[in-house]
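Listed below are the residues making up each chain.
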Amino acid sequence: MEIKKVMVVGAGQMGSGIAQVCAQAGYQVLLNDVKEESLARGFSIIEKNLSRQVSKEKIREDEKVLILSRLEKSSSLQDAEQVDIVIEAAVENMEIKTKIFGELDQFAPSHAILASNTSSLPITEIAAATSRPEKVIGMHFMNPVPVMKLVEIIRGLATDDEVYQAVEVMTNTLKKVPVEVNDFPGFVSNRILMPMINEAIYTLYEGVATKEAIDEVMKLGMNHPMGPLTLADFIGLDTCLYIMETLHDGFGDDKYRPCPLLRKYVKAGWLGKKTGRGFYNYQ
């Protein structure tokens, strides 16, 4: 199963990053989004990232031009007719993802793999929206995609070994490190990370220490490059809340109950860096 042409669905921060690394690895890439402004922003982010690599002398100007030539805009899921794999990077919402996968199943050729960049939702449930659950798999990239090396590859209940191997080969071609994970809520990364962030928020909520002190303890005492509250702001507090709710619903265990302060900030629209305010002020 050889992968030559890729479609990435969703031109946000994750989708544009995935499209960039695929184009850099030599794949022809369709970057798809329903909103024209999102596509324009996604392409602008990719161009800025590549220009930064040129200025740092990591790539040459002619290499940048070649990478950009491999990228094409798409506003219709019907364009999946041309590809060997689709990597979905839409919003972290099961209803939206299953709708996308149902449509992709109609348009993508029978050999095409359908992958989701979901950070916490069950691959088996996403696969059930298609007539090819054996060709559905999770490819969970880390943010920012061009920098971070890890890709969690998640097998659904029906995922074929051949599909897993093709995705593993592709991940290596992207110069990423594939790690095989089974289909449980939050997989490995977010099952461990999000409860830690949630506990840090509880520590602030209960007045144990200031936000700065909590972050300093984890940076200096535990050798984390970034404190958990700063990291939550970077991820997006709405995303943190959604993943905690997925863990809470999936396991039915109160240890995954989202902190009330997290809910309050999300309701206030304080979502972190992307809105200019979260636990810290970025304006």
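Owing to the predicted nature of the structure, the values given are computational and were not obtained by experimental measurement. (Residues numbered from 1 in each chain as written. Predicted model: local features only at pLDDT ≥ 70, side-chain atom pairs only at ≥ 80, totals over all residues. Heavy atoms only, no water.)

J.: Hey, could you run me through the overall build of the chain in this one?
T.: Counting its regular elements, the chain contains eleven helices and eight strands. Relative to the compact-globule value of 19 Å for 283 residues, the chain shows a C-alpha radius of gyration of 19 Å, a close match. With the C-alpha coordinates of the chain rotated into their principal frame, the extents come out at 55 × 45 × 30 Å. By the burial criterion, 48% of the 283 residues in the chain qualify as buried. Taking contacts inside the chain between residues at least 6 apart in sequence as the whole, the part at least 24 apart equals 67%. A total accessible area of about 13,600 Å² is found for the chain, and carbon and sulfur atoms account for 52% of it. (Helix = DSSP H or I, 4+ residues; strand = E, 2+ residues; numbered from the N terminus. Rg over C-alpha atoms; globule rule 2.2 N^0.38 Å. Buried < 20%, exposed > 50% of the residue type's maximum accessible area, 1.4 Å probe, protein only. Contact = heavy atoms within 4.5 Å. Areas by Shrake-Rupley, 256 points an atom, 1.4 Å probe, with all protein chains shown as cover.)

J.: Just checking my understanding: could you explain the UniProt feature "domain: 3-hydroxyacyl-CoA dehydrogenase NAD binding" (unreviewed entry) in the chain for this structure?
T.: On the UniProt side, "domain: 3-hydroxyacyl-CoA dehydrogenase NAD binding" (unreviewed entry) is annotated at positions that read residues 5-183 here. Across residues 5-183, helical content stands at 41% and strand content at 22%; the span's end C-alpha atoms are separated by 26 Å. (UniProt positions renumbered as here; feature names shortened; annotations may be inferred.)

J.: Which parts of the structure should I look at to understand the sheet that holds strand β6 (residues 136-141)?
T.: The strands making up a sheet are joined through hydrogen bonds of the backbone, oriented either antiparallel or parallel. An order of β3-β2-β1-β4-β5-β6-β7-β8 is seen for the eight strands of this open sheet, with the pairing classed as mixed. Taken across any chain shown, the strands that pair with only one partner, and hence form the sheet edges, are β3 (71-74) and β8 (177-182). Strand-to-strand twist of the sheet, defined as the mean angle between neighbouring strand axes without regard to direction, takes the value 25°. Across four bridges, the pairing between strand β1 (residues 5-9) and strand β4 (residues 85-88) is parallel. Within β4, the position partnered with Met7 by the bridge is Val86. Relative to the sheet, helix α1 (residues 13-24) contacts β1, β2 (28-32), β3, β4 and β6, its axis offset from that of β2 by approximately 170°. Contacts from helix α4 (residues 94-107) reach β1, β4, β5 (113-116) and β6 within the one sheet, and its direction differs from that of β5 by about 165°. (Pairing = 2+ DSSP bridges. Axes fitted to C-alpha atoms, helices over the stretch in contact; angles between N-to-C directions.)

J.: Would you explain the pairing of β4 in this entry?
T.: Successive side chains on a regular strand alternate, one facing one side of the sheet and the next facing the other. Of the two faces of β4, the one holding Ile85 and Ile87 and the one holding Val86 and Glu88 are both buried throughout. Of the strand pairs in this sheet, β4 and β5 are connected by four bridges, and their pairing is parallel. The partner of Val86 across the bridge, within β5, is Leu114. For the handedness criterion, the β-α-β arrangement of β4, α4 and β5 is classed as right-handed. (Right-handed = clockwise from strand over helix to strand, strands pointing away.)

J.: Would you take a moment to explain helix α11 (residues 260-267) for this structure?
T.: Count 3.6 residues to each turn of an α-helix, and residues three or four apart come out pointing the same way. Buried within α11 are the following residues: Leu261, Leu262 and Tyr265. When α11 is viewed along its axis, its buried side chains cluster within an angular range of 105° and face the same direction. Every exposed residue of α11 that faces more than 90 degrees away from the buried side is listed here: Lys264 and Lys267. Contacts made by the buried residues of α11 are with α7 (189-205) and α10 (237-251). Directly beyond the C-terminal end of α11, a positive phi value near 80° is found at Gly269. (Arc of directions from axis to C-beta.)

J.: Is there a simple way to think about the nonpolar core in this case?
T.: The tendency in soluble globular proteins is for nonpolar side chains to be buried side by side. Ranked by internal contacts, the top residues of the largest apolar core, which has 37 residues, are Val6, Cys22, Ile85, Ile87, Met139, Phe141 and Met170. Considering every element that reaches this core, the biggest residue donor is α1, with six residues. Beyond its immediate stretch of four places on either side in the chain, Ile87 contacts Val6, Met7, Val8, Val9, Ile18, Cys22, Ala115, Met139, Phe141 and Met170. (Core = buried A, V, L, I, M, F, W, Y, C linked by side-chain atoms within 4.5 Å.)

J.: Please clarify how the UniProt feature "domain: 3-hydroxyacyl-CoA dehydrogenase C-terminal" (unreviewed entry) in the chain should be interpreted in this entry.
T.: When the UniProt feature table is mapped to this numbering, "domain: 3-hydroxyacyl-CoA dehydrogenase C-terminal" (unreviewed entry) covers residues 186-282. Across residues 186-282, the secondary structure splits into 62% helix and 0% strand, with the terminal C-alpha atoms separated by 28 Å.

J.: I would appreciate a short explanation of the packing of aromatic side chains in the present structure.
T.: Within a pair of aromatic rings, the relevant descriptors are the distance that separates the centres and the angle that separates the planes. By the definition in use, this model includes four aromatic pairs. Pairing Tyr202 with Tyr205 gives two aromatic rings, centres 6.3 Å apart and planes at 65°, and the pair type is edge-to-face. Here Tyr205 and Tyr202 lie together in helix α7, a separation of three residues that amounts to about one turn. Residue Tyr205 is classed as partly exposed on the basis of its relative accessible area of 45%. (Phe/Tyr/Trp six-rings, centres within 6.5 Å; stacked < 30°, edge-to-face > 60°.)

J.: I tried to follow the environment of Ala128 on my own but got confused; where do I start?
T.: Mapping Ala128 onto the fold places it in the loop between α5 (123-127) and β6. By relative accessible area, Ala128 is classed as exposed at 62%. Sequence separation between Ala128 and Thr98 is 30 residues; the distance between their C-alpha atoms is 8.3 Å.

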